[in-house]
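Tertiary structure, described
For reference, the chains in residue letters:
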Amino acid sequence: MKKPINIIITLVLLSISFGSIAQQGNIADAFIKKMVKSLRDPKNVELTYTYQYDTNKEGQEGKAYMQGECYKIIMNEQQTISDGTLIWSYLVDDQEVMVSNASDGTDNTPFKLISTLDRDYTAKFMGTNEHGELSIELNNPKGQFKKVNVIIKKDGTLKSAEIIAEDSSKLTIEVTEMKTDQSFDDDFFTFDTKAHPDVEVIDMR
């Protein structure tokens, strides 16, 4: 009689275990959707963040602005700007700006990636820290970035993200301030060539 009883106990434990895993997946999906919604839904979003590459131990400060499909991502070495139709990738040190169509799928900036995590990635709940913030691992084997590890605050907004590329290089971002309903000029999400007369324009369209 021991074998049937053991089998029944094992099946019950497995069902509880798989149910718990499914529940954790649902929790992870729900919080990822909430975090993405906090970036997409406000009229205008302005983010201040620090970023650090795994090859560079010194963190640097950046800014990100988002308005619907428009965005401007400012980093010391590069600025990426899109009005939803075109993308300008401005390499500051090289004094070059490359222009491409947004429809070409070249808009792979960190915050553009983060704002689409609910579409392309499978979320896995990893636990909470002492502040009650959630740790979630996201995977997309077919994506340019295979894995993204995020920490989400209790209010559902993004605290930090670790973006891991195909070659295992990492970019870590930590949001230090988030403002919503900001006011931007009509030409804010375009690259002003007149203001940068020495920058070479390379048309990739």
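Anything mentioned here points back to the structure above.
What counts, and at which threshold
Residues numbered from 1 in each chain as written. Predicted model: local features only at pLDDT ≥ 70, side-chain atom pairs only at ≥ 80, totals over all residues. Heavy atoms only, no water. Pairing = 2+ DSSP bridges. Helix = DSSP H or I, 4+ residues; strand = E, 2+ residues; numbered from the N terminus. Axes fitted to C-alpha atoms, helices over the stretch in contact; angles between N-to-C directions. Polar contact = N/O pair within 3.5 Å; in protein donor to acceptor, adjacent residues only side chain to side chain. Buried < 20%, exposed > 50% of the residue type's maximum accessible area, 1.4 Å probe, protein only. Contact = heavy atoms within 4.5 Å.

1. Examining the sheet that holds strand 11 (residues 170–180)
In spatial order, the strands read 7-8-9-10-11-1-2-3-4-5-6-12; together these 12 strands make up an open sheet with mixed pairing. Only two strands of the sheet have a single neighbouring strand rather than two, namely strand 7 (122–128) and strand 12 (200–203). When the angles between neighbouring strand axes are averaged without regard to direction, this sheet yields 20°. As defined by bridge partners, strand 4 (residues 78–82) adjoins strand 5 (residues 86–91) across 5 bridges and the pair is classed as antiparallel. Residue Thr80 lies in a different strand from strand 5, and its bridge partner there is Ser89.

2. Details of the environment of Asp155
Relative to the elements of secondary structure, Asp155 occurs in the loop between strand 9 (145–152) and strand 10 (158–165). It is 9.0 Å that separates the C-alpha atoms of Asp155 and Glu133, two residues lying 22 residues apart in sequence. Side chain to side chain, Asp155 and Thr157 meet in a polar contact 2.7 Å long.

3. Quick look at the side chain of Glu46
Structurally, Glu46 is set in strand 1 (residues 45–53). Taking the relative accessible area as the measure of exposure, Glu46 reaches 12% and is therefore buried. At 2.9 Å, the side chain of Glu46 forms a polar contact with the side chain of Lys63. Here Glu46 is in contact with Lys63, Ala64, Tyr65, Glu177, Met178, Lys179 and Gln182, once residues within four sequence places are set aside.

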